[in-house]
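# Tertiary structure, described
The residues making up each chain are set out below.
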Amino acid sequence: MTQTAEAPVAPPPRADERVGRKSPLARMLARPEAGAIAGAIVIYIFFFIIAPPFRSAASFSSVLYVTSTYGLMATPIALLMIGGEFDLSAGVAVTSSALCASLFSYEFTTNAWVGVLVALALSLLIGFINGWLVIKTGIPSFLITLGMFFMLQGINIALTQTITNQVSSPDISTLQGFSSAQKVFASSFTIGGVNVRISIIYWIVFVIIATWILLRTRVGNWIFSAGGNPVSARAVGVPVARVKIGLFMAVGFMAWFTGMHTLFLFNTIQSAQGIGNEFVYIIAAVVGGCLLTGGYGSAVGAAIGALIFGMVNQGIVYAGWNPNWFQFFVGALLLGAILLNTYIRRRAEASI
Amino acid sequence: MSTPAQDPPGGRHRATADAPSAGNGNGGVPLVKLINAGKRYGAVIALHDINLEVGAREVTCVLGDNGAGKSTLIKIIAGLHQPSSGTYEVEGTPVRFSSPREALERGIATVYQDLAVVALMPVWRNFFLGNEVGKGLRMDIPAMKKMCKDELLAMGIDLRDVDQPIGTLSGGERQCVAISRAVHFGAKVLILDEPTAALGVKQSGVVLKYIIQARERGLGVIFITHNPHHAYPVGDRFMLLNRGASIGNFEKGQITRDELTGLMAGGAELEQLSHELESEGGAAAEIGRSMEADVEELGITGQHDAGTDAASAPARQEGSSHP
């Protein structure tokens, strides 16, 4: 680098001739989502070949639907991981939110929307408690949210059983406000003869919002720095504590949103649902290029990571395999993604 | 960065345009001045009777070995600690900083060894971190990139691409980005904590060049180092620290590089070491003899009087910049 200093050539303000040395391919590979895109293409081609039903537009719509249910949560989880924290309670927090909404409005016979709002408050509170504990105690978020995960799981199942004597919440489709809430959270429409669930649209919108926040706003700058080097970030005036608590609350918000979608789609919710999903969200984010150590990643990457899950989840069904193979794929994908990401990042860094 | 309530007149974003004309060399009011400053931590005296000043367009070098009290000195100037005795003046008025933020608001910026940069983030994001430009949440990215590039160019750093992660820059370049960031956000005095310690010969040269650049732009620089070869070419004043006390305060004209090196090395200690090595015999004795020759050549013989190594400093040291 010294030669750059010794040769003060006429300063070209833009279009520096030295930038061209990096090939477009290396530039693309240097992006966090590069590995995920490559993986998604391979998996799409794989199922396209071996599972003929996979090829239709209708089945692609259902792939996208499954993707959106993962992707809605993978998006804030990706932001949180870029901010340097984990949330293991995210999977059951979705169920907690849905149970809260349905039990509250059913037991007190309120308008469905009242339950929805109470659930929102609860979800934000769970996120806040996670974040606040992590910041105040300095204990790794892995442990804090692991505790929260078991607490929520216990409450979900025990409370539901105490109140309803069943393992699921009561059907709330008869409540006032149910149909309007269903329209908002769980409706579907038809494009060119293909049924499209509205959650797909929400998912895409949230990915765009998250990407905008990350790349175009000062909050995005703060998120990257809070994960990359919190001590330095604090030293230059970044409100690291507020950023991290805010990220946990964003996870809470999306857990509420996802919970409402599930609730109003099925009218009822299983109390043991959601366990294990937290790993799917985290894996989607990692497959999408988020570093486990924070400070690096993208929302688009997590979306593609979720798409990979959606394709595998449905592809296995279309291929007529035993659905239990899904678990195997989850593990294999995670391993493959980590290896590929490491390899690509090394190559990209070498070519700078 | 917006605390207008307690902003002193002049505030930030000023030093870059035109430097305070006051302290041109030795004449005017120094930007930072310590008078008989000391620091105790309980029973431990970390520093005592320190006199130090830096004016605009000046580089004051603080030289000292490990444990000499350099970091305590930095912490006092940077506002992290208060001196327990003596006075700390900024532009002629006594101050008592209760936080680094307050020091920063008076234009005193510290570039620590770890630089406070986030390695994975692009250069321009690091440059503006905590001071983003734009309306509301939205950042004005093209303007930020351009300002970053221009500011770095003004310091003579011609980066290929301000979009590359700052971790891909060399140590020297990273140091320079941290320096130019402090300059851009209104620093009048830069405190550089061992900026060349982890660098190779060439890289150190680059950093020294930027120290000169900063001085040319009207800043006062406090350059902390243990390397007299780095300090001598850029320094206007030199302050030597040993065991928490100043063992010499020199203007550039009053001391040669060899004398500075000798003082830093501690002539008496070196001589004693060479005697010890000689008595070992064999290869060690060989090294010891050549060390003795070096010590004599540098003219820093310690008069076999290791206890008072301050006395080995030339007598003229006291005639210099003391108030």
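Residues numbered from 1 in each chain as written. Chains lettered and ligands numbered in written order. Predicted model: local features only at pLDDT ≥ 70, side-chain atom pairs only at ≥ 80, totals over all residues.

### A closer look at the confidence of the model for chain A
Caution applies to low-pLDDT regions: their predicted coordinates should not be interpreted in detail. Taken over all residues, the pLDDT of chain A has a mean of 87, while the share at 70 or more is 89%. Low pLDDT, under 50, characterises residues 1–15 of chain A; the predicted model gives this stretch 14 contacts beyond four residues in sequence or across chains. (pLDDT = per-residue confidence, 0-100. Contact = placed C-beta atoms within 7 Å.)

### Digging into the packing of helix H5 (residues 90–107) of chain A against helix H7 (residues 141–164) of chain A
Residue and element names in this part refer to chain A. H7 packs onto H5 with a crossing angle of 25° between their chain directions and a minimal axis gap of 10 Å. By the angle between their directions, the pair H5 and H7 is classed as roughly parallel. Judged by the twist between their axes, the crossing of H5 over H7 is left-handed. Taking contact as the criterion, the partners of Val92, Ala93, Thr95, Ser96, Leu99, Leu103 and Glu107 in H5 are, on H7, Phe149, Leu152, Gln153, Ile155, Asn156, Thr160 and Ile163. Of the residues that constitute the contact of H5 with H7, the class distribution is 8 nonpolar, 5 polar and 1 charged. (Axes fitted to C-alpha atoms, helices over the stretch in contact; angles between N-to-C directions. Helix = DSSP H or I, 4+ residues; strand = E, 2+ residues; numbered from the N terminus. Parallel < 35°, antiparallel > 145°, perpendicular 65-115°, else oblique. Left-handed = near helix turned anticlockwise from the far one by under 90°. Nonpolar A, V, L, I, M, F, W, Y, C, P; charged D, E, K, R; others polar.)

### Things to note about H7 of chain A
Residue and element names in this part refer to chain A. Along its 24 residues, H7 runs 33 Å from first to last C-alpha, staying within 8% of the 34 Å computed at 1.5 Å per residue. Every buried residue of H7 is accounted for by Ser141, Ile144, Thr145, Met148, Phe149, Leu152, Gln153, Asn156 and Thr160. Where H7 is buried, its residues touch H5, helix H6 (112–137) and helix H13 (277–287). (Expected span 1.5 Å × (residues − 1). Buried ≥ 20, exposed ≤ 12 C-beta atoms within 10 Å, placed from the backbone.)

### Here's the deal with unusual backbone geometry
Residues and elements named next belong to chain A. A positive phi angle, near 70°, is found at Asn267, a position not held by glycine. With respect to the secondary-structure elements, Asn267 resides in the loop between helix H12 (240–266) and H13. Its 17 C-beta neighbours within 10 Å are what place Asn267 among the partly exposed residues.

### Examining the pairing of strand E3 (residues 58–64) of chain B
Residues and elements named next belong to chain B. Of all the 7 residues making up E3, 7 are buried; the element is thus mostly covered by neighbouring parts of the structure. Here 6 bridges tie E3 to strand E8 (residues 220–225), and the two strands are oriented parallel to one another. Across the sheet, the residue bridging to Val59 is Val221, located in E8. By the bridge criterion, 5 bridges tie E3 to strand E9 (residues 237–242) in an arrangement that is parallel. (Pairing = 2+ DSSP bridges.)

### Describing the packing of helix H4 (residues 57–82) of chain A against helix H9 (residues 198–216) of chain A
All names here are of chain A. At their nearest, the axes of H4 and H9 sit 8 Å apart, and the two run at 25° to each other. Here H4 is positioned roughly parallel relative to H9, judged by the angle of their axes. Judged by the sense of rotation from one axis to the other, the crossing of H4 with H9 is left-handed. Along its contact with H4, which presents Leu64, Tyr65, Ser68, Thr69, Gly71, Leu72, Thr75 and Leu79, the element H9 presents Ser199, Ile200, Tyr202, Trp203, Phe206, Val207, Ala210 and Leu214. In terms of residue class, the contact of H4 with H9 is built from 11 nonpolar, 5 polar and no charged.

### Here we look at the nonpolar core
By size, the foremost hydrophobic cluster in this structure holds 178 residues, and its most contacted members are Ile77, Ala284 and Ala285 of chain A together with Leu190 of chain B. Broken down by element, this core gets its largest block of residues, 15 residues, from H12 of chain A. Contacts of Leu190 of chain B, omitting those with residues within four sequence positions, involve Ala109, Val111, Ile179, Ala182, Ala214, Leu219 and Val221 of chain B. (Core = buried A, V, L, I, M, F, W, Y, C linked by C-beta atoms within 7 Å.)

### Looking at the confidence of the model for chain B
Residue and element names in this part refer to chain B. With 79% of its residues at a pLDDT of 70 or more, chain B has an overall mean of 76. Note on residues 1–27: pLDDT under 50 across the span, and 41 contacts to partners over four residues away in sequence or across chains. Across residues 301–323, where pLDDT falls below 50, the model places 42 contacts with residues more than four positions away in sequence or in other chains. Overall fold confidence (pTM) sits at 0.76, and the ipTM for the predicted complex is 0.80.

### Considerations on the environment of Phe224 of chain A
In this fold, Phe224 of chain A is placed in helix H10 (residues 218–228). In this structure the C-alpha to C-alpha distance between Phe224 of chain A and Tyr296 of chain A, which are 72 residues apart in sequence, comes to 6.7 Å. Ignoring anything within four residues of it in the chain, the contact list for Phe224 of chain A reads Ile82 and Gly295 of chain A together with Val118, Met121 and Arg125 of chain B.

### What to know about the pairing of E8 of chain B
Residues and elements named next belong to chain B. Burial analysis of E8 places 6 of its 6 residues in the buried class, the great majority of the element. Burial along E8 is two-sided: Gly220, Ile222 and Ile224 facing one way and Val221, Phe223 and Thr225 facing the other are all buried. Bridge count for strand E7 (residues 189–193) against E8 is 5 bridges, and the pairing is parallel. For Leu192, the partnering residue across the bridge sits in E8 and is Phe223. Handedness of the crossover joining E7 and E8 through helix H6 (residues 201–216) is recorded here as right-handed. (Right-handed = clockwise from strand over helix to strand, strands pointing away.)

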